[in-house]
Amino acid sequence: MDSLGVIGYGEMGSMLVRGFLSSGALRVDDVMVSSGSQKSLDACAAAWPGIGIAPTNTDLARRCRTIIIAVRPQEVMGVLLEIAPVVVEGDAHIVSLAAGVSLADLETAFTGQITRVIPTITSSVGQGTTLICHGRRVGADAARRVERLFSSIGDLMLVEEDDLPVATLLSSCGPGLLAAIIEELAGAAVRAGGLPPDRALSLATGMVTATAAYIRETGEAPPDLIQHVATGGGITGAGVQQLRERLPVVLDAAFAAMLERHDAVGE
Ligand SMILES: NC(=O)c1ccc[n+]([C@@H]2O[C@H](COP(=O)([O-])OP(=O)(O)OC[C@H]3O[C@@H](n4cnc5c(N)ncnc54)[C@H](OP(=O)(O)O)[C@@H]3O)[C@@H](O)[C@H]2O)c1
């Protein structure tokens, strides 16, 4: 009954299982998985010998206290309605990863302890911030258990539900945005001077990683870092000026488009 259950062994479900097990936060016999297809379950059993494989979602829900639902947003209400009658209410703690599906919606199907968690793909390398928003019925022990679990794969930030959409765009969709920016930086370098694409991509990736580490370790604000770099002949300044003129428009449009999609996805 103390096992962690993970429903849905896709991108996120498999990443979380790997993270919790390789960080040592859980052992294989603490974890049970169910999924939509036998293929995913076979892959899970092969990757983690000894892990619990549940034939159905309800079988898993009967046997686990903390249950992470890692299915797509459109499928989360169906899974919750399926398992709600068999979970041990009062003790069970449901964790939904679904972007855009509110606590109020989830609570129409399950009236016990529910938390929304938004992980990030970068947790697979122990980096990035998992967002956590507990429902009002979540007890202190259950909250602590889930926070401890997710802190084994990166940083945590507790957020109010109203702040969750924009925080999700930044921390969870953000790696996708930054990957696109890295690609464009490398592309601009290739177009500007004939650097081979693989070398440009390697330089761009290393530079972005190092810049984030520099800001984090020194605590310097981005404008201070810009000042350190933009000395002398004004080369960096010329580039920064171009970005400051155009980037806010581009990023505002990206956020507006993502917010619109985010709000539609759970409907
Ligand atoms: N990807 C991200 O970076 C990210 C970040 C934060 C939050 N999230 C959230 O995480 C959730 C999962 O996203 P994902 O990217 O992991 O999606 P995904 O790769 O498509 O995985 C979804 C999984 O759900 C399983 N599934 C579907 N219907 C099911 C059912 N009725 N019962 C049991 N399992 C079922 C599928 O099983 P089979 O493959 O076995 O058929 C699949 O493995 C979403 O709600 C998303 O909003 C994702």
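Once a new chain begins, its residue numbering starts again from 1 and follows that chain's sequence as written. The predicted nature of this model means local features are confined to residues of pLDDT at least 70 and side-chain atom pairs, given and counted, to a pLDDT of 80 or more, with totals for whole chains, interfaces and linings taken over all residues. Based on all heavy atoms of the structure, the side-chain values leave hydrogens and waters out of the count.

Asks: What exactly am I supposed to notice about the packing of helix α7 (residues 164–193) against helix α8 (residues 197–218) here?
Replies: Working note: a packed helix pair is described by the angle between its axes plus the distance between those axes. Each axis is a line fitted through C-alpha atoms, taken for helices only over the stretch in contact, and angles between the N-to-C directions span 0 to 180 degrees. Helix numbers and strand numbers start at the N terminus; a helix is a DSSP run of H or I with at least 4 residues, a strand a run of E with at least 2. Interhelical geometry of α7 versus α8 gives an angle of 130° and a closest axis separation of 8 Å. In this view, α7 runs oblique relative to α8, as classed from their interaxial angle. Like other packed secondary-structure pairs, α7 and α8 cross with a definite hand, here right-handed. Judged by residue contacts, Leu178, Ile182, Leu185, Ala186, Ala189 and Val190 of α7 engage Pro197, Ala200, Leu201, Ala204, Thr205, Met207 and Val208 from α8. Each residue is assigned to one of three groups, with Ala, Val, Leu, Ile, Met, Phe, Trp, Tyr, Cys and Pro labelled nonpolar, Asp, Glu, Lys and Arg labelled charged, and all others, Gly among them, labelled polar. Residue classes in the contact of α7 with α8 are distributed as 12 nonpolar, 1 polar and no charged. Any angle that is under 35 degrees is reported as roughly parallel, and any over 145 degrees as roughly antiparallel; angles of 65 to 115 degrees are reported as roughly perpendicular and all others as oblique. In a left-handed crossing the near helix is turned counterclockwise from the far helix by less than a right angle, and in a right-handed crossing that turn is clockwise. Any pair of residues with heavy atoms lying within 4.5 Å of one another is described as a contacting pair.

Asks: Help me understand the site of the ligand, please; the structure alone is not making it clear to me.
Replies: Throughout this document, a residue counts as near a molecule or strand when at least one of its heavy atoms sits within 4 Å of that molecule or strand. Taken together, 23 residues lie around the ligand, and Met12, Ser37, Ser40, Val71 and Arg72 are the ones closest in. N or O atoms closer than or at 3.5 Å make up a polar contact, with two conditions inside protein: a donor-capable atom paired with an acceptor-capable one, and, for residues adjacent in sequence, both atoms drawn from side chains. Within the backbone of Gly10, one N or O atom sits 3.1 Å away from an oxygen atom of the ligand. Between Gly36 and the ligand, the recorded distance is 3.2 Å, taken from a backbone N or O atom to a nitrogen atom. Calculation of accessible area relied on Shrake-Rupley with a 1.4 Å probe; when residues are assessed, cover is drawn exclusively from the protein chains displayed. For the ligand, whose unbound accessible area comes to 910 Å², protein coverage reaches 75%. Here a cavity means grid points, on a 1 Å grid over the protein atoms only, where a 1.4 Å probe fits yet cannot get out; a pocket means an open set of points with protein on both sides within 12 Å along at least five of seven lines; lining residues are those with an atom within 4 Å of a point. Assignment to a cavity or pocket requires that more than half of a molecule's atoms be within 2 Å of the site's grid points. Placement of the ligand is best described as lying within the second largest pocket. Broken down by secondary-structure element, the contributors of at least two residues to the shell around the ligand are α1 (11–22) and α4 (73–83). A class-by-class count of the residues in the shell around the ligand yields 12 nonpolar, 8 polar and 3 charged.

Asks: It is not clear to me how the packing of aromatic side chains should be interpreted in this structure. Could you clarify?
Replies: Aromatic rings in a pair are described by how distant their centres are and how their planes are angled relative to each other. Working definition: a ring pair exists when centres of Phe, Tyr or Trp rings (six-membered ring for Trp) sit within 6.5 Å. Plane angles under 30 degrees give stacked, over 60 give edge-to-face, the rest tilted. This model, assessed by the stated rule, comprises 1 aromatic pair. Ring centres of Phe20 and Phe150 lie 5.3 Å apart, and the angle between their planes is 90°; this geometry places the pair in the edge-to-face category. Of this pair, Phe20 sits in helix α1 while Phe150 is found in helix α6 (residues 140–151), placing the two residues 130 residues apart along the sequence. The exposure classification of Phe20 matches that of Phe150, with both residues buried. The classification of residues rests on relative accessible area computed with a 1.4 Å probe and restricted to protein chains. Under 20% of the type maximum is buried, over 50% is exposed, and intermediate values are partly exposed.

Asks: Help me understand the layout of surface pockets, please; the structure alone is not making it clear to me.
Replies: One simple way to see leftover space: roll a probe sized like a water molecule over the atoms. Grid points are joined across faces, edges and corners, and a volume is the space filled by probe spheres set on the points. Estimated volume of the largest pocket: approximately 2400 Å³. Lining the largest pocket are 49 residues; nearest its centre among them are Leu178, Ile181, Val208, Thr211 and Ala212. Broken down by secondary-structure element, the contributors of at least two residues to the lining of the largest pocket are α7, α8, α9 (222–229) and α10 (235–265). A total of 16 residues in the lining of the largest pocket trace back to one element, the largest contributor, which is α7. Classifying every residue of the lining of the largest pocket by side-chain character gives 32 nonpolar, 12 polar and 5 charged. Counting the residues that make up the lining of the largest pocket, at least three belong to each of domain 1 (3–159) and domain 2 (167–265). The volume enclosed by the second largest pocket comes to roughly 900 Å³. In terms of lining residues, the second largest pocket is bounded by 29 residues, among which Met12, Val71, Arg72, Pro73 and Leu97 are the most central. Mapped by element, the contributors of at least two residues to the lining of the second largest pocket are α1, α4, α7 and α10. Residue ranges labeled as domains rest on an automatic or database domain assignment.

Asks: Before we go on, may I ask you to explain the packing of α7 against α10 in this structure?
Replies: Axis separation between α7 and α10 bottoms out at 11 Å; the angle between their running directions is 115°. With respect to their mutual orientation, α7 and α10 come out roughly perpendicular. Both α7 and α10 take part in a crossing whose hand is right-handed. Here Pro165, Val166, Leu169, Leu170, Cys173 and Leu177 of α7 come into contact with α10, specifically with Phe255, Met258, Leu259 and His262.

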